[in-house]
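Below, each chain spelled out in residue letters.
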Amino acid sequence: LYCRTLYLSVDPFLRCRFNESTGVDYTQPYQLGEPLTSAGIGQVIACGQRASERGFAAGDLVLQPFDAWPWASAVSIPAASVSRIPVAMGVLVPPSALLGAAGQPGLTAFVGVEHVARPRAGETVVVSGAAGAVGRAALLEP
């Protein structure tokens, strides 16, 4: 797929990618001379036959939810690494929310509050890093 970049995510875990070792198994360090990457949303400008056969078309909005969208205004990205954003999704949330409260940071906040902290009535929960994407979403939890 050849896509125009619309939104890029700048999540805190990307900081560890600037080290020689990220300290985790789920992502690798950035390489000198290579573009930075993160989660991203783009609009398909053109697609090859195989991508068309998978249901992609020019104009589609696509999401790469983790950390493989190159930081560039236009990118070539494998169709297998993205998901098409349903048009109806725009009725529920703006596409950019899929990189925040309705995406990985929101899911992380939900799990942290509902399945780790599990606050009871009358308890106070302190959210470390509340100014960040996950902390802000955690503060929105009921």
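Cut-offs applied
- Residues numbered from 1 in each chain as written.
- Predicted model: local features only at pLDDT ≥ 70, side-chain atom pairs only at ≥ 80, totals over all residues.
- Heavy atoms only, no water.
- Helix = DSSP H or I, 4+ residues; strand = E, 2+ residues; numbered from the N terminus.
- Expected span 1.5 Å × (residues − 1).
- Buried < 20%, exposed > 50% of the residue type's maximum accessible area, 1.4 Å probe, protein only.
- Contact = heavy atoms within 4.5 Å.
- Pairing = 2+ DSSP bridges.
- Polar contact = N/O pair within 3.5 Å; in protein donor to acceptor, adjacent residues only side chain to side chain.

Enquirer: Explain helix H3 (residues 104–117) to me, and be specific about the residues and the numbers.
Expert: Each full turn of the α-helix corresponds to 3.6 residues, which orients residues three or four apart in the same direction. Helix length check: H3, at 14 residues, gives a terminal C-alpha distance of 18 Å against a target of 20 Å (1.5 Å per residue), a fit within 8%. Looking at H3, one finds that the buried residues are Pro105, Gly106, Ala109 and Val113. Just downstream of H3 lies Arg118, where phi reads positive at about 45°.

Enquirer: Kindly report on the environment of Ser96, identifying the contributing residues and their values.
Expert: With respect to the secondary-structure elements, Ser96 resides in the loop between helix H2 (89–92) and H3. What makes Ser96 partly exposed here is its relative accessible area of 31%. For the pair Ser96 and Phe18, spaced 78 residues apart in sequence, the C-alpha to C-alpha distance is 25 Å. The contact partners of Ser96, leaving out residues within four places of it in the chain, are Tyr7 and Ile41.

Enquirer: Explain the sheet that holds strand S5 (residues 83–84) to me, and be specific about the residues and the numbers.
Expert: Sheet architecture is open: 5 strands sit in the order S4-S1-S2-S3-S5, paired in antiparallel fashion. If you trace the sheet from one side to the other, it starts and ends with strand S4 (74–76) and S5, each paired once.

Enquirer: Account for the side chain of Thr22, with residues named and values stated.
Expert: Relative to the assigned elements, Thr22 resides in the loop between strand S1 (2–8) and strand S2 (37–46). Looking at Thr22, the relative accessible area reads 10%, which means it is buried. A polar contact of 3.0 Å, which involves the side chain of Thr22, links it to the backbone oxygen of Val24. Of the polar contacts made by the side chain of Thr22, one reaches the backbone oxygen of Thr27; its length is 3.0 Å. Sequence-distant contacts of Thr22, defined by excluding residues within four places in its chain, comprise Cys16, Arg17, Thr27, Gln28 and Pro29.

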